[in-house]
Amino acid sequence: LPFVMVCAQMIIFSLTNEKGVRYLAVMLPFYVLSASCIIKNLYDSLGGVKRILLMAAVGIMALLMLGRSAQLAQARSDYYKAAEYIESKGPGAKFLSAQEPVMLLYTNPSDSVKPLPGHFDNLLKFYTLGYRYLVLGPQAYVDSCTGGRFLLPLKDYLAFLDSRVEPVKIFPHLNYAVTERFVFEHSTNLLDSINFLKSDDIKKYSSLRIYDLSRVVPLMVRIVEESKKKK
């Protein structure tokens, strides 16, 4: 029965667009029961060396999970450090962020941070209003990818920043254990999510990168104007 309930829950939520792991959290006790029953039945049916090998395999799995649990327990985000860094650049420093609701917790006044605009024209408007920094983080690969979640490149001007501009400051932000959970929590396609996690640039994608817009926007304006002239 526990095994059937777990499978039923997985099947039901595999049909939704949002496939967050939180939908399976309620089934964790049944996962444990199912795994325990399987191990117990195998243990009873085996003997001698095979029984020892089974217990060794269970012990190794437990150690691996303990290591991952330690990573999760030690994990820290760098939202506060990013906000503190920007504030150190001068009173009233304004910035744009891929995770504006979280950054609002660490900024004062509240209009110091705004969400990332979707298009370059809107970025220019914020720039003229005094927003001089941009914080790019993992959330951008959920909300701003051209091909869907975790499918690069990013949209519009963000692709240029992500691939061709050097940040003025980088914070490590999420370790791999938290990044893995973040990706699967926002997953809509398992294969795309796994490929994203296997990327050589995964440390970059899980970091918080701060860009100085006063260095970048004039360059992007020049590129846009030259592109229009060619057309």
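Rules used in this analysis
Residues numbered from 1 in each chain as written. Predicted model: local features only at pLDDT ≥ 70, side-chain atom pairs only at ≥ 80, totals over all residues. Heavy atoms only, no water. 1 Å grid on protein atoms, 1.4 Å probe; cavity = no way out; pocket = protein on both sides within 12 Å on 5 of 7 lines; lining within 4 Å. Points joined across faces, edges and corners; volume = space filled by probe spheres on them. Nonpolar A, V, L, I, M, F, W, Y, C, P; charged D, E, K, R; others polar. Axes fitted to C-alpha atoms, helices over the stretch in contact; angles between N-to-C directions. Helix = DSSP H or I, 4+ residues; strand = E, 2+ residues; numbered from the N terminus. Parallel < 35°, antiparallel > 145°, perpendicular 65-115°, else oblique. Left-handed = near helix turned anticlockwise from the far one by under 90°. Contact = heavy atoms within 4.5 Å. Core = buried A, V, L, I, M, F, W, Y, C linked by side-chain atoms within 4.5 Å. Buried < 20%, exposed > 50% of the residue type's maximum accessible area, 1.4 Å probe, protein only. Arc of directions from axis to C-beta.

S.K.: Give a detailed account of empty space enclosed by the protein, specifying residues and quantitative values.
M.R.: Under the defined criterion, the tally for this structure stands at two cavities of 30 Å³ or more. As a volume, the largest cavity reaches approximately 40 Å³. For the largest cavity, the full set of lining residues is Tyr-79, Ser-97, Ala-98, Gln-99, Val-135, Gly-137, Pro-138, Gln-139 and Leu-208. Of the residues belonging to the lining of the largest cavity, the class tally is five nonpolar, four polar and no charged. Lining of the second largest cavity is provided by Pro-138, Tyr-141, Phe-150, Thr-179, Phe-182, Val-183, Phe-196, Tyr-205 and Ser-206.

S.K.: Can you explain the packing of helix H9 (residues 156–164) against helix H13 (residues 213–230)? Please cite residues and give values.
M.R.: Packing of H9 against H13 brings their axes to within 12 Å, and their N-to-C directions diverge by 120°. As summarised for this structure, H9 and H13 are arranged oblique, according to the angle between their axes. The handedness of the crossing between H9 and H13 comes out as right-handed. Residue-level inspection shows Tyr-157, Phe-160 and Leu-161 of H9 in contact with H13, the latter providing Val-216, Leu-219, Met-220 and Ile-223. Of the residues contributing to the contact of H9 with H13, the split by class is seven nonpolar, no polar and no charged.

S.K.: Please set out the nonpolar core residue by residue, giving values where relevant.
M.R.: Nonpolar side chains in soluble globular proteins generally cluster together in the buried interior. Core analysis: the largest hydrophobic core is formed by 31 residues, its most contacted members being Leu-116, Leu-123, Leu-134, Leu-136, Tyr-157, Leu-161 and Met-220. If you list the elements that add at least two residues to this core, you get helix H7 (120–128), strand E3 (131–136), helix H8 (140–143), H9, helix H10 (176–185), helix H11 (190–197), helix H12 (202–205) and H13. When near neighbours in sequence (up to four residues on either side) are disregarded, Leu-161 contacts Leu-134, Tyr-211 and Val-216. Counting 14 residues, the second-largest nonpolar core is a separate cluster that includes Tyr-79, Ala-82, Ala-93 and Phe-171.

S.K.: How would you sum up the environment of His-119? Please name residues and give values.
M.R.: Its location among the elements puts His-119 in the loop between strand E2 (113–115) and H7. In sequence terms His-119 and Lys-155 are 36 residues apart; their C-alpha atoms lie 8.1 Å from each other. Once you skip the residues sitting within four places of it in the chain, His-119 turns out to touch Asp-156 and Tyr-157.

S.K.: Explain helix H5 (residues 79–87) to me, using residue names and the numbers behind them.
M.R.: In an α-helix there are 3.6 residues to a turn, and that puts residues three or four apart on one side. Of all the positions in H5, only Tyr-79, Ala-82, Ala-83, Tyr-85 and Ile-86 are classed as buried. Buried residues in H5, looked at end-on, bunch into an arc of 160°, giving them a common side. Buried-residue contacts for H5 involve strand E1 (94–97), helix H6 (100–103), E3, strand E4 (169–171) and strand E5 (208–212).

S.K.: Just give me the short version of the layout of surface pockets, but keep the residues and values in it.
M.R.: Quantified by volume, the largest pocket comes out at close to 980 Å³. Within the residue set of the lining of the largest pocket, elements represented by two or more residues are helix H1 (2–14), helix H2 (22–25), helix H3 (28–45), helix H4 (48–74) and H10. Take the lining of the largest pocket: its biggest share by element is eight residues, from H4. Residues belonging to the lining of the largest pocket are distributed by class as follows: 18 nonpolar, five polar and four charged.

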